[in-house]
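# Structural overview for review
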Amino acid sequence: MRELRAEHLTKRFGKTTALDDVSLSLEHGKIHALLGRNGAGKTTLLGIASNRLLPTSGHILVDGEPVTDNSRALSKVFCTGDVRMIPEAMYVDDLVAQMGRFHAGFDAKRAVRLAKAFDLDVKAKVGKLSTGYRSICQLVMALSLDVDYLLLDEPVLGLDAAHRDLFYRLLMEDYLERQRTVVIATHLIEEVATFVERVTIIDEGRVLMQASADELRASGYSVSGRAADVRAYCEGLEVLGIDEIGGVAVAYLLGAPDAARLTDRLDTAPVNLQKLFVKLTEKGE
């Protein structure tokens, strides 16, 4: 089976544990969302997967091969997110010209077309670009590469709404054409909820949940009504959290609604992925 797999992966920075015995599988040929709050361990995980960081223990395999210091496995992987990988004094068009030296299969003509679509000034120095255009510069390079595993760390950081929409459209066109693995590490789940196939939620360096997007949507629901009625309904059930304002409450629960407990004073609704993610990471378990 083709996959990117982490096995008992731990990474410590001094006394801080960024990843704590993480094991997970990201199946090839699918779009994955890697969800986590800031500091959850997303960037560290992708850094090890791209050999920018070395694990304290455990390892990551790409199609069965360890990725650490393995040129054959690394040739299948490209990761965005670390702007320090691009010299600030380099012009964008020079970066386009040089990418092919380090990454086989880089399509310079495609990069130029994508830069034009994003209104990226190829005559500008990388260090002079805004935060949004630095993100765009990395995305242009990523979408012009022929790699099997594309790891995108907070890919829309600093992008305005029009550029985010353009990126997601181009990403879907690229995926449909190449059928490669795409991993999007983000905390903005609603923006990718319509097209991701698998979701992994990571919190405080540990995996909380890994499921298909449909399974995750079906895993929870909300109940709303008067606060006293909502709290009575929730007794003994698996509650992720309760929001209460002015005597009215909304509870977020795992599982399916309990028809025997429902009354005409309560309303139920599916819980969206963003809210489910927020409540799961608030609970921290």
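For the structure, check the block above.
Residues numbered from 1 in each chain as written. Predicted model: local features only at pLDDT ≥ 70, side-chain atom pairs only at ≥ 80, totals over all residues. Heavy atoms only, no water.

## Notes on the overall build of the protein chain
A tally of regular secondary structure across the protein chain gives ten helices and 14 strands. Within the span of the protein chain, comprising 285 residues, buried residues form 48% of the whole. Counting only contacts in the protein chain whose residues sit at least 6 apart along the sequence, the fraction spanning at least 24 positions is 68%. Surface exposure of the protein chain reaches about 13800 Å², of which carbon and sulfur atoms provide 50%. For the protein chain, the separation between the mean place of its 35 positive charges and that of its 41 negative charges on side chains is 5 Å. (Helix = DSSP H or I, 4+ residues; strand = E, 2+ residues; numbered from the N terminus. Buried < 20%, exposed > 50% of the residue type's maximum accessible area, 1.4 Å probe, protein only. Contact = heavy atoms within 4.5 Å. Areas by Shrake-Rupley, 256 points an atom, 1.4 Å probe, with all protein chains shown as cover. Lys, Arg positive; Asp, Glu negative; His and termini not counted. Charge placed at Lys NZ, Arg CZ, Asp CG, Glu CD.)

## Examining the side chain of D229
The topology assignment puts D229 in helix α9 (residues 227-234). Apart from residues lying up to four places away in sequence, D229 is in contact with R265 and L266.

## Some words on the sheet that holds strand β3 (residues 31-35)
Read from one edge to the other, the open sheet built from six strands follows the order β6-β7-β8-β3-β9-β10, with strand pairing classed as mixed. The outermost strands of the open sheet, each flanked by one partner alone, are β6 (77-79) and β10 (206-212). Going across the sheet, the axis of each strand differs from the next one's by a mean of 15°, ignoring polarity. By the bridge criterion, three bridges tie β6 to strand β7 (residues 149-153) in an arrangement that is parallel. If you follow V77 over to β7, its bridge partner there is Y149. Along the sheet face, helix α1 (residues 42-49) touches β3, β6, β7, β8 (181-186) and β9 (198-203) and points at about 150° away from the line of β7. (Pairing = 2+ DSSP bridges. Axes fitted to C-alpha atoms, helices over the stretch in contact; angles between N-to-C directions.)

## Concerning helix α6 (residues 161-178)
The periodicity of an α-helix, 3.6 residues per turn, causes residues three or four places apart in sequence to face the same way. Between its first and last C-alpha, α6 extends 26 Å over 18 residues, near the 26 Å set by a 1.5 Å rise per residue. All of the buried residues along α6 are H163, L166, F167, Y168, L170, L171, D174 and Y175. Those residues of α6 that are buried are in contact with β3, α4 (108-117), α5 (131-143), β7, β8 and α7 (189-192). (Expected span 1.5 Å × (residues − 1).)

## Things to note about the packing of aromatic side chains
Counted according to the given criterion, the structure contains two aromatic pairs. Ring geometry for F167 against Y168: centres 5.3 Å apart, planes inclined by 50°, an arrangement best described as tilted. Arranged with centres 5.7 Å apart and planes meeting at 55°, the rings of Y168 and F195 form a pair that is tilted. With Y168 in helix α6 and F195 in the loop between α7 and β9, this residue pair connects regions lying 27 residues apart in the sequence. In terms of burial, Y168 and F195 fall into one category: buried. An aromatic cluster is built from F167, Y168 and F195, whose rings are joined through pairwise contacts. Sitting above the plane of the F13 ring, K11 keeps its charged end 5.1 Å from the centroid. (Phe/Tyr/Trp six-rings, centres within 6.5 Å; stacked < 30°, edge-to-face > 60°. Lys NZ or Arg CZ within 6 Å of the ring centre and 35° of its normal.)

## Remarks on the nonpolar core
By size, the foremost hydrophobic cluster in this structure holds 55 residues, and its most contacted members are L152 and F167. Among the elements that take part in this core, α5 stands out by supplying seven residues, more than any other. Those residues in contact with F167, other than ones at most four positions away along the chain, are F118, L139, L143, L152, P155 and V156. (Core = buried A, V, L, I, M, F, W, Y, C linked by side-chain atoms within 4.5 Å.)

## Considerations on the pattern of salt bridges
In this structure the tally under the stated criterion is 22 salt bridges. Here R178 makes a salt bridge to D146, at a shortest N to O gap of 3.8 Å. Of this pair, R178 sits in helix α6 while D146 sits in the loop between α5 and β7, placing them 32 residues apart in sequence. For R178, a relative accessible area of 26% corresponds to the partly exposed category. Each of the salt bridges in this network shares a partner with another, and the network as a whole consists of R110, D146, D174, R178 and R180. (Salt bridge = Lys/Arg side-chain N within 4 Å of Asp/Glu carboxyl O.)

## Description of the side chain of R180
Note that R180 resides in the loop between α6 and β8. Here R180 falls in the buried class, since its relative accessible area comes to 2%. From its side chain, R180 meets the backbone oxygen of V147 in a polar contact 3.2 Å long. Among all residues touching R180, those that are not within four sequence positions of it are H28, G29, K30, A142, L143, L145, D146, V147, D148, L150, D174 and Y175. (Polar contact = N/O pair within 3.5 Å; in protein donor to acceptor, adjacent residues only side chain to side chain.)

## Remarks on α5
Relative to the 18 Å expected for 13 residues at 1.5 Å per residue, α5 spans 19 Å between its end C-alpha atoms, a close match to the ideal helical length. The buried fraction of α5 amounts to eleven of the 13 residues, a majority that puts the element mostly inside the structure. Its buried side turned inward, α5 meets β6, α3 (92-102), α4, β7 and α6.

## Description of the state of the cysteines
Per the counting criterion, the structure on display carries zero disulfides. Summary of cysteine pairing: C79 is not part of a disulfide, and the nearest cysteine sulfur, belonging to C137, is at 15 Å. (Disulfide = S-S within 2.5 Å.)

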